[in-house]
Amino acid sequence: MIILEHLREIFCEVFDDDEIELTPEMTANDVDGWDSLSHVNLIVTIETRFKIRFTQKELLTFKNVGDLNRSINDKVSINR
Amino acid sequence: MNITSLKYLVFSLAVLSVYAITPKKYKWVSLLVSSCFFYYSFGAPYLLFSLSVVTIGTYFFGLYIYKAVKQSHKKVFFFLGVLGNIIILILLKYTPFIDENIKRFTEAANIQTDFQIGFHLVAIGVSYFVFQSIAYLADIYLETLKPEKHLGYLALSLSFFPKLIQGPIERGNSILPQIKNLDNINRTNLAIGTHLFFWGLFKKVVVADRLSAFVDPVYSDVSTHYGLEFFIATYLFAFQLYFDFSGYTDMARGVARCFNIKLTENFNSPYLATSTADFWRRWHISFSSWILDYLFKPIQFNLRYWLKWGTPIALIITFFVSGIWHGAAWTYVFWGLLHGIFLGTGVVFKKQVKQIYKKIGFKKGKLPDFLSVFITFHLICFAWVFFRAQTLMDGFLIIKSSIVDLPKSLFLVGDSYQVFLKHCFLGKPSVEFFSVITLIIIASFVPKVFQKNSLDEAPADEVLWFRELSSISRGVVYGVLLYLIIFCGASAQSFIYMQF
């Protein structure tokens, strides 16, 4: 839950919108301004804040916010 | 076998008849044998051999990637599979280009050598099935697709004759399930397939080939034309290319649909794009989504810590490859680079441009749509100049003359009104010029005017509007189309995208 809230803050910051509410099914089509450029900004911000690194394969197969959140959870729990 | 020929129509009907009487279990065999025969008919048996090598190699590498336990082993098999495909593509398509540039380089550097790769082959269709194979291997590697265990199904997905020589570049997830469930011919698909085929044939032989009669004389002898003529010829070329390729795509989708197979739509009103990025979401969609998924994204993610330069560099590399994929010539490379630069510049100056628009007062920091469409269309046409020009020097000369000589050809300075009119119509009678403009308008807008609703959320270019007409109106439309195809079609030329 804490990770999801943290993730929401990052989304709000990257997309410059305080109203964003995240759901697991949410995709790039659901967020205004989520294009390939802002997607990279989003990934870099997530990696920096959570101190994690996604693999190329993970980055190419994330389908929605749920996939992203799951991967962050897995990596953060390993780091702990 | 030319796709616009009567021979192809008879061939397709023969394949359809055999398919209809073949038991369900063996329908894939009838299509595979027909597709091999079709490819063999191009008179270069090594093409069929290359297709077989690619199919068998892709089949086994797909299974190896899937079965490998360690991630590192999966990666090795994936790279070997992709490398094999690329080597075949280079050997078949790029040897003349490599030889020509070796010769140029050694002459310029004053090096004495006779080194040449030597064999120069025909590569019809190779770039399309090689790209489909790479996508298949990448999807298995990314675990978004399971490998096909039946070699025959995979072979047919790569060789299916309607899309073999010019795409669309299909994804395994889309075409394989359809091939595994080949069904008896049904009336609805047969009707839609026939509409698509004849509408595509009309776009190709009546519209595109008539336009080429205006464009070719200008672009094949640039030294005798100037100013306005280049503007008109380039606008007409933009439409020629669109109707040529979208006409082919409709024909391919039409024939495939008769066998109950839905191929990807390649176009969605590309010249209504409001940015070059939007253009690439609407033009040659099966190719642009391929380069986005398998080239741009991996490069972009690799360069993600290069701050704001990572994405523009990824775009330029991607579109450089796109250029060279289109043709082994520097004109195509330059055309690709131009698109990379357009998109890359948009990314680098995105914030500044938004701020400027806000200051000017455009809503939401965006230009009005009509202005965006106008500017985008001209950027696309600017790049088309190099796509169509015979040499890079020709391309630069066209751009220079379009700017420098424009006042002269607009009869503001020097030329008379008669000369101005001659330039407007590119030296053809005005009736001929206005008839091609009418054809462009008909081919562009008729589907949109008549299509009230789409049955399965098909893109705008789908010809479902045919089905919404009453049977009498449909008969009239078919009569007019066939009349135009038979009596007004220019003598059929080969498709532009076939050479890629």
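Being a predicted model, the structure only gives us computed values, none of them experimental.

A. Quick look at the overall build of chain B. The number of helices and strands found in chain B is 22 helices and zero strands. In terms of overall size, chain B behaves like a compact globule, its C-alpha atoms giving a radius of gyration of 24 Å where 500 residues would be expected to give roughly 23 Å. Based on the C-alpha atoms only, the size of chain B along its principal axes is roughly 70 × 65 × 55 Å. Considering chain B as a whole, with its 500 residues, one finds that 52% of them fall into the buried category. Partitioning the intrachain contacts of chain B with sequence separation of at least 6 by distance along the chain shows that 74% fall at a separation of at least 24. For chain B, the computed accessible surface area is about 23,200 Å², with 68% contributed by carbon and sulfur atoms. Positive and negative charge centroids in chain B, built from 45 and 28 side chains respectively, lie 9 Å apart.

B. A look at the packing of helix H4 (residues 71-108) of chain B against helix H13 (residues 310-326) of chain B. All names here are of chain B. At their nearest, the axes of H4 and H13 sit 10 Å apart, and the two run at 95° to each other. Between H4 and H13, the crossing angle belongs to the class labelled roughly perpendicular. Residue-level contacts link Lys93, Tyr94 and Phe97 of H4 to Ile324, Trp325 and His326 of H13. In the contact of H4 with H13, the residues fall into four nonpolar, one polar and one charged.

C. Structural view of the confidence of the model for chain B. All names here are of chain B. When pLDDT is averaged across chain B, the result is 86; 91% of the residues are at 70 or more. Mean pLDDT values over the elements of chain B span from 70, in helix H21 (residues 465-468), up to 96, in helix H6 (residues 151-159). With pLDDT under 50 throughout, residues 453-461 is counted as low confidence; its partners more than four residues away or in other chains account for 21 contacts.

D. Looking closely at the packing of aromatic side chains. Residues and elements named next belong to chain B. Counted under the stated rule, the structure contains 69 aromatic pairs over all chains. Taking the centre distance of 6.3 Å and the plane angle of 65° together, the rings of Tyr8 and Phe161 count as edge-to-face. You can see Tyr8 sitting in helix H1 (residues 6-21) and its partner Phe161 sitting in helix H7 (residues 161-164), a full 153 residues away along the chain. As far as the burial class goes, Tyr8 and Phe161 line up, both buried. Each ring, one from Phe131 and one from Trp290, has its centre 3.9 Å from the other, and the planes form 20°; the classification is stacked. Of this pair, Phe131 sits in helix H5 (residues 126-141) while Trp290 sits in helix H12 (residues 285-302); the two residues are 159 residues apart in sequence, bridging distant segments of the chain.

E. Inspection of the domain arrangement of chain B at higher detail. All names here are of chain B. What the domain assignment lists for chain B is domain 1 (6-184) and domain 2 (189-491). Each of domain 1 and domain 2 has a C-alpha centre, and these two points are 27 Å apart. Counting residues at the interface gives 35 residues for domain 1 and 29 residues for domain 2. A combined buried area of about 2,900 Å² lies between domain 1 and domain 2, and 67% of that area is made up of carbon and sulfur atoms. For domain 1, the biggest contributors to the area lost against domain 2 are Phe97, Phe131 and Arg171; these three give 21% of the whole. Seen at the junction of domain 1 and domain 2, the total is one salt bridge. Where Arg171 meets Asp293, a salt bridge forms, and the shortest distance between an N and an O atom there is 3.1 Å. Linking domain 1 with domain 2 are 14 residue pairs in polar contact (both at pLDDT 80 or more), by the criterion used here. At seven residues, the largest contribution of residues to the side of domain 1 that touches domain 2 is made by H5. Across the side of domain 1 that touches domain 2, the residue classes break down as 21 nonpolar, seven polar and seven charged.

F. Fine view of helix H10 (residues 228-258) of chain B. Compared with an ideal rise of 1.5 Å per residue, which puts 31 residues at 45 Å, H10 of chain B spans 45 Å between its outermost C-alpha atoms and is within 8% of the ideal. Just past H10 of chain B, the residue Asn260 of chain B takes up positive phi, approximately 70°.

G. Structural view of a negative patch on the surface. On the surface, Asp16, Asp17, Asp18, Glu19 and Asp32 of chain A cluster together into a patch of negative charge. The class for Asp32 of chain A is exposed, based on a relative accessible area of 75%.

H. The interface of chain B and chain A, seen in detail. Between chain B and chain A, the contact holds 18 residues from the first and 17 residues from the second. For the pairing of chain B and chain A, the buried interface totals around 1,500 Å² over both sides, and the portion due to carbon and sulfur atoms is 62%. A per-residue breakdown of the area chain B buries against chain A is headed by Phe301, Arg304 and Tyr305 of chain B, which together make up 45% of the total. Counting the contacts that link chain B with chain A gives two salt bridges. With a closest N to O distance of 3.0 Å, Lys57 of chain A and Glu143 of chain B form a salt bridge. Counting the contacts that link chain B with chain A gives seven residue pairs in polar contact (both at pLDDT 80 or more). If you list the elements that add at least two residues to the side of chain B that touches chain A, you get H4 and H12 of chain B.

About the thresholds
Residues numbered from 1 in each chain as written. Chains lettered and ligands numbered in written order. Predicted model: local features only at pLDDT ≥ 70, side-chain atom pairs only at ≥ 80, totals over all residues. Heavy atoms only, no water. Helix = DSSP H or I, 4+ residues; strand = E, 2+ residues; numbered from the N terminus. Rg over C-alpha atoms; globule rule 2.2 N^0.38 Å. Buried < 20%, exposed > 50% of the residue type's maximum accessible area, 1.4 Å probe, protein only. Contact = heavy atoms within 4.5 Å. Areas by Shrake-Rupley, 256 points an atom, 1.4 Å probe, with all protein chains shown as cover. Lys, Arg positive; Asp, Glu negative; His and termini not counted. Charge placed at Lys NZ, Arg CZ, Asp CG, Glu CD. Axes fitted to C-alpha atoms, helices over the stretch in contact; angles between N-to-C directions. Parallel < 35°, antiparallel > 145°, perpendicular 65-115°, else oblique. Nonpolar A, V, L, I, M, F, W, Y, C, P; charged D, E, K, R; others polar. pLDDT = per-residue confidence, 0-100. Phe/Tyr/Trp six-rings, centres within 6.5 Å; stacked < 30°, edge-to-face > 60°. Domains from an automatic or database assignment. Buried area = accessible area lost by both parts, 1.4 Å probe. Salt bridge = Lys/Arg side-chain N within 4 Å of Asp/Glu carboxyl O. Polar contact = N/O pair within 3.5 Å; in protein donor to acceptor, adjacent residues only side chain to side chain. Expected span 1.5 Å × (residues − 1). Patch = residues over 30% accessible without salt bridge, like charges linked within 9 Å, V, L, I, M, F, W, Y side chains within 5 Å.

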